[in-house]
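Chain and residue survey
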Amino acid sequence: MKKFNMVYYTKRLGFSGVLKRVLNKLGIIDFNIYEHIYNRYYSKLKPEDYENELVDWYKYISGEDKNPLVNPKTFNEKVQWLKIHDSTKLKTLCADKYKVRDYIKENIGEEYLVPLCGCWDKFEDIDFSNLPDKMIFKSTTGSGRYEIIKSKEDIDYKKLKKSMDSWQRLPFGYAGMELHYLDIERKIICEKLLDMQGPSVIDYKIHCFNGVPYIFEYISDRSKEFYLESWFDTDWNRLRITMNAKSSLNHKEIPAPPKNLKKMFEIAKALSKEFIYVRVDLYEIEGKVYFGELTFTPANGMDEWKEEESQVLVGQLLRLPYEDKLSEDEINEIMDKLRY
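Residues numbered from 1 in each chain as written. Predicted model: local features only at pLDDT ≥ 70, side-chain atom pairs only at ≥ 80, totals over all residues. Heavy atoms only, no water.

Quick look at the packing of aromatic side chains
Counted only if it meets this: Planes of paired rings set the category: under 30 degrees apart is stacked, over 60 is edge-to-face and the rest tilted, where pairs are Phe, Tyr or Trp rings (Trp by its six-membered ring) whose centres lie within 6.5 Å. Working definition: with a 1.4 Å probe on protein chains only, accessible area under 20% of the residue-type maximum means buried, over 50% means exposed, and in between means partly exposed. The numbering of helices and of strands both runs from the N terminus, where a helix is a DSSP run of H or I of at least 4 residues and a strand a run of E of at least 2. Geometrically, a charge over a ring is one whose NZ (Lys) or CZ (Arg) sits within 6 Å of the ring centre while staying within 35 degrees of the ring normal.
Taken as a whole, this structure holds 25 aromatic pairs when the rule is applied. Relative to phenylalanine 128, the ring of phenylalanine 123 has its centre 5.7 Å away and its plane inclined at 50°; by these criteria the two rings are tilted. Side by side, phenylalanine 123 and phenylalanine 128 carry an identical accessibility label, which is buried. Centre to centre, the rings of phenylalanine 216 and tryptophan 236 are 5.0 Å apart; their planes meet at 70°, and the pair counts as edge-to-face. Of the two residues, phenylalanine 216 sits in strand 6 (residues 212–220) while tryptophan 236 sits in the loop between strand 7 (227–232) and strand 8 (248–249), which places them 20 residues apart along the sequence. Neither phenylalanine 216 nor tryptophan 236 differs from the other in exposure class; each is buried. An aromatic cluster is defined as three or more aromatic residues linked by ring pairs; in this entry it consists of Phe75, Phe209, Tyr214, Trp231, Tyr277 and Trp305. Here the guanidinium or amino end of arginine 222 rests over the ring plane of tyrosine 227, the centre of that ring lying 5.4 Å away. We note lysine 288 situated over the ring of tyrosine 112; from NZ or CZ to the ring centre the distance is 5.9 Å.

Spelled out as structure tokens, the structure:
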């Protein structure tokens with residue numbers, strides 16, 4: 001868990017920013033720390049600075065005095081390597097929540113897309129009278145930039161505008177140097193809100209390595225404070241993977257696989273063929289599979305793995321361009337060690 005670091009933050013925030021951050025923590029002022037750091041620091045970074053910035057950020061977040069770009073071994077370390085050395089135009093396109101729709105149409109078909117209600121440059125362009133009662137607004141960039149609307153009667157338009165204005169004003173990706181996000185054209189999209197059964201829609205996340213799906217992450221019962229998750233191989237054997245996140249626990253009982261498990265793996269294979277690593281996120285609603293997103297840097301490559309051994313094993317599956325390809329026997333040995 002990261003701790004406040006005076007040297008790290010003073011360089012990026014300045015002393016006045018550090019004070020504002022403290023006052024924000026105390027609830028005295030409203031302070032957007034990312035916006036402040038962007039205006040004061042990130043916007044002035046040059047491409048030749050990105051590598052050092054990532055290393056500084058990684059050391060701060062991890063608490064380890066290690067350069068993850070040198071001889072990376074764990075999954076998290078290799079994700080950091082990919083951020084710097086494998087930030088491609090195709091990744092940028094596929095991380096764009098609007099433009100990725102064309103990629104999906106071309107590779108698996110339009111029928112897997114969540115219905116689109118509109119796309120706009122700014123809040124003022126949105127005609128809410130033409131939108132459904134239930135929907136979800138998203139920024140075309142980044143993680144966490146969304147607003148779920150369960151009823152138009154409950155919309156706080158002032159609050160919604162503030163969120164959307166922030167999405168449009170600030171590029172996403174500088175914190176942790178997720179470079180593939182930086183060049184995304186910032187727009188606002190609206191999609192149909194998928195019908196949910198239970199506390200939340202179930203997330204099916206398929207981790208693919210060099211075009212092959214190996215690990216299936218299952219998340220359910222998601223709320224703002226809590227969620228359940230479990231990890232499986234392609235035969236639905238449970239894997240020894242658990243995160244240290246306080247908000248998550250593994251399921252006590254093994255959840256049933258989705259009805260379209262085989263189809264999901266086919267989709268994941270088709271969508272991951274161009275990438276060293278990608279997580280393919282899908283949904284299954286009333287027996288129909290929907291595409292969620294393609295994720296190249298889960299949790300910014302900083303998930304807290306409860307068992308370091310499992311993170312090293314998954315890191316072995318993620319073969320960087322300079323590493324030898326694994327044999328089928330080597331892959332089977334890794335997966336055997338990951339299973340209970």
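Moving on, there is more to tell.
Topic: the pairing of strand 3 (residues 146–149)
Rules: Two strands pair under a simple rule: DSSP has to find at least two bridges between them.
Looking at chain direction, strand 2 (residues 135–139) and strand 3 are connected through four bridges and run antiparallel. The residue of strand 3 that forms the bridge with lysine 138 is tyrosine 146. What sits between the antiparallel neighbours strand 2 and strand 3 is a turn of six residues, in which glycine 142 has the positive phi angle 70°.

A word on the sheet that holds strand 3
We apply this condition: A fitted line through C-alpha atoms represents every axis, and for helices the fit uses only the stretch in contact; the resulting angles, taken between N-to-C directions, go from 0 to 180 degrees. Contact criterion: two residues are considered in contact whenever any of their non-hydrogen atoms come within 4.5 Å of each other.
Taken in spatial order, the four strands line up as 1-4-2-3 in an open sheet, and their pairing is antiparallel. Either end of the sheet is taken by a strand with one partner, and the two such strands are strand 1 (116–120) and strand 3. For this sheet the average axis-to-axis angle between neighbouring strands, irrespective of direction, equals 15°. Packed on one face of the sheet, helix 7 (residues 157–169) meets strand 1, strand 2, strand 3 and strand 4 (188–192) and runs near 30° to strand 2.

Let's talk about the nonpolar core
For soluble globular proteins, the rule of thumb is that nonpolar side chains tend to be buried together. Note the cut-off: Working definition of a nonpolar core: buried Ala, Val, Leu, Ile, Met, Phe, Trp, Tyr and Cys residues. They are joined through side-chain atoms within 4.5 Å.
Ranked by size, the top nonpolar core spans 50 residues in total, and within it Phe209, Ile215 and Ile241 carry the most contacts. Breaking this core down by element, the ones donating at least two residues are helix 1 (6–25), helix 2 (33–40), helix 3 (50–62), helix 4 (75–85), strand 6, helix 9 (308–317) and helix 10 (328–338). Discounting residues that sit within four places of it in the chain, phenylalanine 209 has contacts with Phe75, Tyr214, Ile215, Ile276, Tyr277, Val314, Leu317 and Leu318. The next biggest cluster of nonpolar side chains, apart from the first, holds 28 residues, and it includes Ile108, Tyr218, Trp236 and Leu282.

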